[in-house]
Amino acid sequence: MTTPTPEPTPVSAPPDSPPASTHNLTPADRDADACQAEIVRHHRVIEDWLTGRGTRADLPTFTDAHTPAFTLITPDGEALPLSRVVTMIEPAYGAAPTLTIAIRDVKVVVSAEPFVVATYEEHHGGQNPSVRRATVVFVRDATARHGLRWTHLHETWTKVSSEKPPA
């Protein structure tokens, strides 16, 4: 028996509405929903910035989603602090007008105070299509959107995805 592969969540789609009632959800379900929502929301901000659909005034929306101690391990293995990530993304406004980003296969790896660790696939379409797998470490923060703030992200290039080959 095979499990159907979920469709990717395109980040250019309207944001998913939170469930009407979360009082029946377990803490693990709430963390899974929050991770999915935050990962998609954050990549929507990135897609809007890189395509130029957003405005230059939206940069704080990107930076404020991170802790000051945020680190990014790029797919090429470089470790970057938040200040360097912002220095790189700021001049890239509108640099990829055909970019699309779809998020697939979000999974919570571990959930404990004060952290939530999740993995996901990030599919880039447009002029330079690519797929990367990512592991994110969130810090719980009641003031952050979806209650999570990005503190560490590790991305890895991949040629393999959770997509099944055509039949």
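Residues numbered from 1 in each chain as written. Predicted model: local features only at pLDDT ≥ 70, side-chain atom pairs only at ≥ 80, totals over all residues. Heavy atoms only, no water.

A. Just the confidence of the model for the chain, in detail. For the chain, mean pLDDT is 87; residues scoring 70 or higher make up 81% of the total. Every residue in residues 13-21 scores below 50 in pLDDT, and together they form five contacts with partners more than four places removed in sequence or on other chains. (pLDDT = per-residue confidence, 0-100. Contact = heavy atoms within 4.5 Å.)

B. A look at the packing of aromatic side chains. Scanning all chains against the criterion turns up two aromatic pairs. Ring centres of Trp49 and Tyr93 lie 4.8 Å apart, and the angle between their planes is 70°; on these two criteria the pair is classed as edge-to-face. Residue Trp49 is located in helix H1 (residues 27-51), and its partner Tyr93 is located in the loop between helix H3 (82-89) and strand S4 (100-112); the two are separated by 44 residues in the primary sequence. According to the relative accessible area criterion, Trp49 is buried, its value standing at 5%. Ring centres 5.0 Å apart and planes at 70° place the aromatic pair Phe138 and Trp150 in the edge-to-face group. Taken together, the positions of Phe138 in strand S6 (residues 130-140) and Trp150 in strand S7 (residues 148-158) put the pair 12 residues apart, joining distant regions of the chain. As far as burial versus exposure is concerned, Phe138 and Trp150 are alike and both buried. (Phe/Tyr/Trp six-rings, centres within 6.5 Å; stacked < 30°, edge-to-face > 60°. Helix = DSSP H or I, 4+ residues; strand = E, 2+ residues; numbered from the N terminus. Buried < 20%, exposed > 50% of the residue type's maximum accessible area, 1.4 Å probe, protein only.)

C. Quick peek at the nonpolar core. With 31 residues, the main nonpolar core has Ile39, Phe62, Tyr120, Val136, Phe138, Trp150 and Leu153 as its most contacted residues. Listing elements by their share of this core, those giving two or more residues are H1, helix H2 (59-63), strand S2 (66-73), H3, S4, strand S5 (115-125), S6 and S7. In terms of residue count, the dominant contributor to this core is H1 (eight residues). Filtering out sequence-adjacent residues up to four positions away, Trp150 remains in contact with Glu38, Ile39, His42, His43, Ala65, His66, Thr67, Phe70, Tyr120, Val136, Val137 and Phe138. (Core = buried A, V, L, I, M, F, W, Y, C linked by side-chain atoms within 4.5 Å.)

D. Geometry of the pairing of S6. In this structure, S5 lies alongside S6, joined through 10 bridges in antiparallel fashion. Of the residues in S6, the one forming a bridge with His124 is Ser130. Hairpin connection of S5 to S6: four residues between the antiparallel strands, including Gly126 at a positive phi of 110°. (Pairing = 2+ DSSP bridges.)

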